[in-house]
Amino acid sequence: MVKKALFWDFDGTLILPNESFLDALQHALKPFNYSVNPETIRIFLRSACPWYHPEKSYTDTTGVNWWDHFFESFEGFYMEHNIADSDREKINQFFKEYILNDKNYTVYPDADMVLHQCHGMGYKNYILTNNFPELAVIAKCIGLSKHIDDYIISTNIGFEKPRPELFQYALRIADVPDICYMIGDNPVADIQGGKQMGMKTIFVHKGICSEADYNCNDLKEIPALLCHLTSIE
């Protein structure tokens, strides 16, 4: 039997784009009457979040250890903005609680239907994402897990897309499928990352990516595309 797999990005692909980490830090600072300009927070998070620095690996600080390592990077930010030592641990806790609140994520309206249709076509669905370790719990809470076969989450592995190590891990989890596609909205992390591993790629939601094999405006276009490609193989 031919093994077929679809690797789906999460943020901006299956759920609507958001700035959850920026929103989380603003939310966490507010009860303590600290106010920091959103652009300043955004710049800080680009230095702190590992998915902005895929050249760095961190295989010794993954899973349950990831959050502690991540919050260590907040110390310089807290010092710069005169945030009291006594408030920092509570702010970290509020930040994490915000990130782990499924109410802060909105699924694309066609995502559930499309994942179900792709399963019916014989594809296994995998979420392959640069994200926090508990992402699978969020996916379950927002109704996506019933059509997901497994999760490959960067902070549980120690590599970020487009690193080949993360894609190699994903292919092993999927039992080295004969046919596979990487589906996402990021030209570098998803499209370049997938292509370097020999995957076909589908770019979604953001118009045309010239490097992608295929482009879809909406998720609901994907089953028909896959059906067409199967018919001409």
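Treat the numbers as computed from the prediction; the structure is a model and nothing was measured.

Parameters and conventions
Residues numbered from 1 in each chain as written. Predicted model: local features only at pLDDT ≥ 70, side-chain atom pairs only at ≥ 80, totals over all residues. Heavy atoms only, no water. Helix = DSSP H or I, 4+ residues; strand = E, 2+ residues; numbered from the N terminus. Rg over C-alpha atoms; globule rule 2.2 N^0.38 Å. Buried < 20%, exposed > 50% of the residue type's maximum accessible area, 1.4 Å probe, protein only. Contact = heavy atoms within 4.5 Å. Lys, Arg positive; Asp, Glu negative; His and termini not counted. Charge placed at Lys NZ, Arg CZ, Asp CG, Glu CD. Salt bridge = Lys/Arg side-chain N within 4 Å of Asp/Glu carboxyl O. Core = buried A, V, L, I, M, F, W, Y, C linked by side-chain atoms within 4.5 Å. Arc of directions from axis to C-beta. Polar contact = N/O pair within 3.5 Å; in protein donor to acceptor, adjacent residues only side chain to side chain. Pairing = 2+ DSSP bridges. Axes fitted to C-alpha atoms, helices over the stretch in contact; angles between N-to-C directions. Parallel < 35°, antiparallel > 145°, perpendicular 65-115°, else oblique. Left-handed = near helix turned anticlockwise from the far one by under 90°. Nonpolar A, V, L, I, M, F, W, Y, C, P; charged D, E, K, R; others polar.

### Topic: the overall build of the chain
A count of helical and extended segments in the chain gives 11 helices and six strands. The C-alpha radius of gyration of the chain comes to 19 Å, within 12% of the 17 Å expected for a compact globule of 233 residues. For the chain, the spread of C-alpha atoms along the three principal axes comes to 65 × 35 × 30 Å. Counting the 233 residues in the chain, one finds 49% classified as buried. Taking all contacts inside the chain whose residues are at least 6 apart in sequence as the whole, residues at least 24 apart take part in 65%. Taken as two groups, the 20 positive and 32 negative side-chain charges of the chain have centres that lie 3 Å from each other.

### Quick look at the pattern of salt bridges
One pass over the structure, following the stated rule, counts 13 salt bridges. Lys3 is the partner of Asp175 in a salt bridge, and the nearest nitrogen-oxygen pair spans 3.5 Å. Residue Asp175 is located in the loop between helix H9 (164–173) and strand E4 (179–184), and its partner Lys3 is located in the segment before strand E1 (4–8); the two are separated by 172 residues in the primary sequence. Taking the shortest distance from any N to any O, the salt bridge between Lys146 and Asp112 comes out at 3.0 Å. Here Lys146, found in the loop between helix H7 (135–141) and strand E3 (150–153), pairs with Asp112, found in helix H6 (residues 111–120); they are 34 residues apart in sequence, far enough to count as distant. The exposure class assigned to Lys146 is exposed, which follows from its relative accessible area of 55%. Salt bridges sharing partners connect three or more residues here, namely Asp9, Lys161 and Asp190.

### Overview of the nonpolar core
Formed by 60 residues in total, the largest nonpolar core has its most connected members in Trp8, Phe21, Phe70, Phe95 and Ile222. Sort the elements by how many residues they give to this core and helix H1 (residues 20–29) lands first, with six residues. Once you skip the residues sitting within four places of it in the chain, Phe95 turns out to touch Phe21, Ala24, Leu25, Ala28, Trp67, Phe70, Phe71 and Phe74. Listed in part, the 15 residues of the second largest apolar core include Phe7, Leu166, Ala174 and Met182.

### Structural notes on unusual backbone geometry
The omega torsion of the bond from Lys161 to Pro162 falls at 10 degrees, within 30 degrees of zero and hence cis. Topologically, Pro162 is positioned in the loop between helix H8 (154–157) and H9. The phi dihedral of His205 is positive, around 75 degrees, even though this residue is not glycine. Mapped onto the fold, His205 is located in the loop between strand E5 (200–204) and strand E6 (214–216).

### Overview of helix H2 (residues 38–48)
Those residues of H2 that sit buried are Ile41, Phe44, Leu45 and Ala48. Down the axis of H2, the smallest arc covering the buried residues is 100 degrees, so these residues share one side. Structurally, H2 contributes buried residues whose contacts are with H1, helix H3 (66–72) and helix H4 (75–80). With a side-chain oxygen lying 2.8 Å from the backbone nitrogen of Glu39, the N-terminal cap of H2 falls on Asn37.

### Quick notes on the sheet that holds E4
Strand order in the open sheet formed by six strands is E3-E2-E1-E4-E5-E6, and the pairing between neighbours is parallel. Here the strands that pair on one side only, and so sit at the sheet edges, are E3 and E6. In this sheet, neighbouring strand axes are inclined to one another by 25 degrees on average, regardless of whether the strands run parallel or antiparallel. Summarising the sheet, strand E2 (residues 123–129) and E3 pair through four bridges and their orientation is parallel. Looking at E3, one finds that Ile127 is bridged to Tyr151. Together, E4 and E5 form the strand contacts of helix H10 (residues 187–196), whose direction differs from that of E5 by roughly 165 degrees.

### Here we look at the packing of H1 against H2
Remark: H1 packs on H2, axes separated minimally by 10 Å, with the N-to-C direction vectors making an angle of 120 degrees. Classified by the interaxial angle, the pair formed by H1 and H2 is oblique. At the point where H1 passes H2, the crossing takes the right-handed sense. Listed contacts from H2 to Phe21, Leu22, Leu25, Gln26 and Leu29 of H1 are Pro38, Ile41, Arg42, Phe44 and Leu45. Of the residues assigned to the contact of H1 with H2, the class counts are eight nonpolar, one polar and one charged.

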